[in-house]
Amino acid sequence: MRKAIFPGSFDPITLGHYDIIKRALPLFDEIVIAIGVNAEKKYMFTLEERKKFIEEAFKDEPKVSVVTYEGLTVELCHKLNAQFILRGLRNPADFEFEKAIAHTNRQLVTDVETVFLLTAIDTSHISSSIVRDVIRNGGNYKFLVPESVKVK
Ligand code: ADP
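Residues numbered from 1 in each chain as written. Predicted model: local features only at pLDDT ≥ 70, side-chain atom pairs only at ≥ 80, totals over all residues. Heavy atoms only, no water.

(A) Fine view of unusual backbone geometry. For the peptide bond that leads from aspartate 11 to proline 12, omega is 0°, which places it in the cis range. Along the chain, proline 12 falls in the loop between strand 1 (3–8) and helix 1 (15–24). Positive phi, normally seen in glycine, also occurs at phenylalanine 10, with a value near 50°. Inspection of the secondary structure assignment puts phenylalanine 10 in the loop between strand 1 and helix 1. Given the relative accessible area of 2%, phenylalanine 10 is considered buried. (Helix = DSSP H or I, 4+ residues; strand = E, 2+ residues; numbered from the N terminus. Buried < 20%, exposed > 50% of the residue type's maximum accessible area, 1.4 Å probe, protein only.)

(B) Layout of the layout of surface pockets. Quantified by volume, the largest pocket comes out at close to 1200 Å³. Pro7, Gly8, Ser9, Arg87 and Phe97 are, among the 45 residues lining the largest pocket, the residues nearest its centre. Of all the secondary-structure elements, those providing two or more residues to the lining of the largest pocket are strand 1, helix 1, helix 3 (73–80), strand 4 (84–89), helix 4 (92–108), strand 5 (113–118) and helix 5 (128–136). Top element by residues in the lining of the largest pocket is helix 4. It accounts for 8 residues. A per-class count over the lining of the largest pocket returns 18 nonpolar, 18 polar and 9 charged. Taken as a whole, the second largest pocket encloses approximately 250 Å³ of empty space. Lining the second largest pocket are Tyr18, Lys22, Glu56, Ala57, Phe58, Lys59, Asp60, Glu61, Pro146, Glu147, Ser148 and Lys150. (1 Å grid on protein atoms, 1.4 Å probe; cavity = no way out; pocket = protein on both sides within 12 Å on 5 of 7 lines; lining within 4 Å. Points joined across faces, edges and corners; volume = space filled by probe spheres on them. Nonpolar A, V, L, I, M, F, W, Y, C, P; charged D, E, K, R; others polar.)

(C) Just the site of the ligand, in detail. By nearness alone, 17 residues border the ligand, and Ser9, Gly88, Thr119, Thr123 and Ile126 come closest of all. A distance of 3.3 Å separates an oxygen atom of the ligand from a polar side-chain atom of glutamate 98. Between the ligand and threonine 119, the relevant distance is 3.0 Å, taken from a nitrogen atom to a side-chain nitrogen or oxygen of the residue. If you map the ligand onto the pockets, it falls in the largest pocket. (Near = heavy atom within 4 Å. Polar contact = N/O pair within 3.5 Å; in protein donor to acceptor, adjacent residues only side chain to side chain. Sits in = over half its atoms within 2 Å of the grid points.)

So this is what it looks like as structure tokens:
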């Protein structure tokens, strides 16, 4: 069984993340979206909100589940018996950042492979930080995120 972890902050999930997950579905039997908990990071949405947004967006997709985790992503992979880490690439900055993480993960463990999907043309400009800026400034964020993302 091919199982992948898609780790990230998802603060909040965007149409960019959504697209990567949808396109990865034919490649894997199971995709676990793993929301990383970093005590030093300040988030706009609570962990529960971020989890709910993702669960709702994929409620009709049995291959997708959502977990939260602390610690190393490769350790989560071992714990959940996942052989792959899924990540998305938007631009050269993403590539450099992801390359360093993937190489480090390969040095930590040799039985987990990182798989990259290139962003779609329509969503390549979207990031959670831009979505948060739009929300903070009262703009229309609806065309950047799945319908499940709602600001109170
Ligand atoms: P992190 O805090 O780990 O960067 P994010 O939630 O921002 O977590 O992103 C998780 C993954 O989704 C990363 O691999 C990131 O490159 C990818 N990603 C984010 N936005 C997009 C997008 N618009 N298109 C493709 N991949 C994306």
